[in-house]
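# Coordinates in review
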Amino acid sequence: MQLTFSPIFAVATAVMSVVVVAQTVSSQENSTVSTTYNTGVADYDFDDAGYTYCNAEYPDKSTYTAVKDATLEFLQLVVRHGDRAPSYFSSDLNTTWTCSGSESIYLNGINANNQRATGSYQQLIEIPKWNGKYGYANKAWAGSCDEGQLTDKGIRQHLDLGARLRNVYVEKLGFLPYWLSDVNQVYARTTSVWRTKNSAESLLNGLWPYRNIDPSMLIPLHTYPESIETMYDNPEACPALSTLASQITHSSEFGAFYQSQAALMAKMDKALRLDASSSLSSTGWSGYVDVLLARQCHNVELPCSADGVCATEDDIKQVMRNGHFELAFLARDHPLSPQYARLYIGSLLGSMRDQMQYFIAGKAGSLKFALYSGHDNTIIPILGALKASNRDALWPAYAANLAFELWKKKDGSRVIRVMLNGQVLKLQKGFQWCDMNACPIDKFVEYLNNYIPSDITTQCAA
């Protein structure tokens, strides 16, 4: 299942066919970047030195500092799943992807007396060797991964992230318990996509590695049905999203960007051996990022067409920059971006706001930690709504982590600290609406309210 911007980029081909006057997309910060194609997007300051799509940075116990004269009360963490196989079986299948299946162990069931029973079950993806006689294995890569499945590397990433969180929030701050004896201290939500569940399981295992499988100590993983999911864009439930996306992608700035990058898109289709019917262009640049960056993260040879047209490292760099620009333009930089973000991720933000306010009001019981395990397009619109800087608005890497910490100061006031990948979030120049190291809770909530729909049914009507 491809959970990026694919539903809203059905207009991409139409946009590319529109004749537009090339425009330079301006940035609030100027810098010179080296790109394969001399286009308007090249003048956008990505501030991507040292960026890697393959693995986000984690909180570091040695550099983490508490908010001055304050005590941490509550933590919400939004994460992207870990490393995965591509979400598409492309025509170029000379690759092997390995997923041990250990992330899909089920420890609980129901016995004949309708009582909870404990046992181990493992889901394994089997891709048989093609023998030309029966089956469709020639249409899949080799190995043991389904499309988009969390890889063994992705499991380790979230185990490591959980261990780093333990170093900070358990060992350094003493905020979370050493032993998790009360599962009500934790709320965990994932999407219905298995890689987000597997990532949450791995993170929690890294955070509390000494948990047992006693049924009374189960941590529920809350999941919405896909048709009403609010942790990513859901144009089927909210048709107005498609309308807004179409308006944004038909703007002259976006049209100029797409037109300028058409040659690169065509080259990538050819290198991936995709024809007009299988082209990834309807996904925008997200489909190309998906397929090509997954290869790069595993040091897999870049694809080549039968007649020798090959993707290069420079091509991949430009594909990634195109992805950065595309996401920032949609979620942050277009005049319609606030309205778009409100319908895109506002329901999730509303749930998180309410959860935090319940805690402050003393109505959250023993809850201390809330985990939201999602996708890149869970984090992207949140960063857009907060007006993250160009650096922090880059495409969220595997295991990206966005923390909302609620601190209570000695004078009784409360502040929110927002941290991306272990560092205080930096805001876009000209939009520095609050100090993300210690934003007063009332000011933070007031700002957030601008991105939370007041009547989702009415506002989502196409």
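Sequence order sets the numbering: in each chain, residues are counted from 1 along the sequence as written. The predicted origin of the model limits local features to residues at a pLDDT of at least 70 and limits the giving and counting of side-chain atom pairs to 80 or more, whereas totals for whole chains, interfaces and linings rest on all residues. Where side-chain values are given, they derive from all heavy atoms of the structure, hydrogens and water being excluded.

A few words on the layout of surface pockets. Here the second largest pocket is characterised by a volume of approximately 500 Å³. Comment: elements are numbered from the N terminus, with helices defined as DSSP H or I runs of at least four residues and strands as E runs of at least two. Mapped onto the lining of the second largest pocket, the elements with two or more residues apiece are helix H10 (376-386) and strand E11 (423-424). Each residue gets one label: Ala, Val, Leu, Ile, Met, Phe, Trp, Tyr, Cys and Pro are nonpolar, Asp, Glu, Lys and Arg are charged, and the others, such as Gly, are polar. Looking at the lining of the second largest pocket residue by residue, the class counts come to 13 nonpolar, 5 polar and 5 charged. In the cavity and pocket records, a cavity denotes points on a 1 Å grid over the protein atoms alone where a 1.4 Å probe fits but cannot get out, a pocket denotes an open set with protein on both sides within 12 Å along at least 5 of 7 lines, and lining residues are residues with an atom within 4 Å of a point. Grid points are joined across faces, edges and corners, and a volume is the space filled by probe spheres set on the points.

Here the focus is the environment of Trp395. Tracing the sequence through the fold places Trp395 in the loop between H10 and strand E9 (401-409). In this structure Trp395 comes out as buried when scored by relative accessible area, which is 2%. Once the C-alpha coordinates of Trp395 and Tyr53 are considered, the two residues, 342 residues apart in sequence, prove to be 7.3 Å apart. What makes two residues a contact is simply this: any of their non-hydrogen atoms within 4.5 Å. Sequence-distant contacts of Trp395, defined by excluding residues within four places in its chain, comprise Tyr51, Tyr53, Arg80, Ser286, Val289, Met320, Gly323, His324, Leu327 and Asp376. Think of it in three bands: with a 1.4 Å probe and only protein chains considered, a residue is buried below 20% of the maximum accessible area for its type, exposed above 50%, and partly exposed in between.

Working definition: a disulfide is two cysteine sulfur atoms within 2.5 Å of each other. Under the definition given, this model contains 5 disulfides. The disulfide partner of Cys238 is Cys460, and the S-S distance across this bridge is 2.0 Å. Between Cys238 and Cys460 the disulfide shows an S-S torsion of about -90°. By sign, it is left-handed. Taken as a pair, Cys238 in the loop between strand E7 (221-223) and helix H4 (240-249) and Cys460 in helix H12 (residues 456-460) lie far apart in primary sequence, 222 residues in all. On the accessibility criterion, Cys238 (5% relative accessible area) is buried. Disulfides within the protein link the bonded cysteines, taken in sequence order, as 1-5, 2-3, 4-10, 6-7, 8-9.

This part is about empty space enclosed by the protein. Following the criterion strictly, the structure yields 5 cavities of 30 Å³ or more and no others. Around the largest cavity sit Gln76, Leu349, Met352, Arg353, Met356, Phe404, Phe444, Val445 and Leu448, which together line it. Breaking the lining of the largest cavity down by element, the ones donating at least two residues are helix H9 (337-360) and helix H11 (441-449). The leading source of residues in the lining of the largest cavity is H9, at 4 residues.

A contiguous nonpolar patch, built from Tyr178, Trp179 and Tyr210 and spanning about 390 Å² of accessible area, is present on the exposed surface. Its place among the elements puts Tyr178 in the loop between helix H2 (152-172) and strand E6 (186-190). Exposure above 30% relative accessible area and the lack of any salt bridge qualify a residue for a patch; like charges then connect within 9 Å, and the nonpolar side chains Val, Leu, Ile, Met, Phe, Trp and Tyr within 5 Å. Residue exposure ignores everything except the shown protein chains as possible cover, and the areas themselves are Shrake-Rupley values with a 1.4 Å probe. By convention in these notes, a salt bridge is any Lys or Arg side-chain nitrogen within 4 Å of a carboxyl oxygen on Asp or Glu.

This part is about H11. For H11, every residue scored as buried is listed here: Ile441, Phe444, Val445, Tyr447 and Leu448. Down the axis of H11, the buried set is contained in an arc of 160°. They therefore lie on one face. For H11, the exposed residues lying more than 90 degrees away from the buried face are Asp442 and Glu446. Read the arc as the range of directions from the helix axis to the C-beta atoms.

Our next topic: the packing of aromatic side chains. Think of it this way: a Phe, Tyr or Trp ring, Trp meaning its six-membered ring, pairs with another when their centres are within 6.5 Å, and the plane angle makes it stacked under 30 degrees, edge-to-face over 60, tilted otherwise. Under the defined criterion, the tally for this structure stands at 22 aromatic pairs. Between the aromatic rings of Phe254 and Phe257, the centroid separation amounts to 5.5 Å while the plane-to-plane angle is 70°, which identifies the pairing as edge-to-face. Placement of the pair is Phe254 and Phe257 together in helix H5 (residues 252-260), with a separation of 3 residues, close to one helical turn. As far as the burial class goes, Phe254 and Phe257 line up, both buried. One aromatic cluster in this structure is built from Phe254, Phe257, Tyr258, Phe325 and Phe329. Lying over the aromatic face of Trp194, Lys197 brings its terminal NZ or CZ to 4.4 Å of the ring centre. Between the NZ or CZ atom of Lys387 and the centre of the ring of Phe431, over which it lies, the distance is 4.9 Å. Here, a charge over a ring means that NZ of Lys or CZ of Arg falls within 6 Å of the ring centre while also lying within 35 degrees of the ring normal.

We now examine the side chain of Ser199. For Ser199, the position within the fold is in helix H3 (residues 194-207). Classification of Ser199 by relative accessible area gives buried; the value is 0%. Within polar-contact distance, the side chain of Ser199 engages the backbone nitrogen of Gly82 at 3.1 Å. Within the structure, the side chain of Ser199 is placed 2.7 Å from the backbone oxygen of Arg195, a separation counted as a polar contact. Setting aside chain neighbours within four positions, we find Ser199 in contact with His81, Gly82, Leu150, His158 and Ser373. Definition of a polar contact: a pair of N or O atoms within 3.5 Å, with one able to donate and the other able to accept a hydrogen when the atoms are protein atoms, and with sequence-neighbouring residues admitted only if both atoms are side-chain atoms.

Okay, the pairing of E9 next. When you tally the buried positions in E9, you get 7 out of 9 residues, the bulk of the element. Two strands make a pair as long as DSSP finds a minimum of two bridges between them. Note: strand E1 (residues 70-80) against E9, 9 bridges, orientation antiparallel. Across the sheet, residue Ala70 finds its bridge partner in E9, namely Lys409. Where E9 lies against strand E10 (residues 414-420), 7 bridges are found, and the strand directions are antiparallel. Bridged to Leu402 within E10 is Leu420. Between E9 and E10, which follow one another and run antiparallel, lie 4 residues, and Gly412 among them has a positive phi close to 95°.

Positive phi is not limited to glycine here, since Arg273 has a value of about 60°. Here Arg273 shows up in the loop between helix H6 (262-271) and helix H7 (286-297). Positive phi, normally seen in glycine, also occurs at Asn421, with a value near 55°.

Below, the discussion takes up the pattern of salt bridges. Counting across every chain of the model gives 12 salt bridges. Note that Glu171 is salt-bridged to Lys61, the shortest N-O span being 3.5 Å. Of this pair, Glu171 sits in helix H2 while Lys61 is found in the loop between helix H1 (12-17) and E1, placing the two residues 110 residues apart along the sequence. For Asp376, the salt bridge goes to Arg80, with nearest N and O atoms at 3.4 Å. Of this pair, Asp376 sits in helix H10 while Arg80 is found in strand E1, placing the two residues 296 residues apart along the sequence. Considered together, Asp376 and Arg80 belong to a single accessibility category, that of buried residues.

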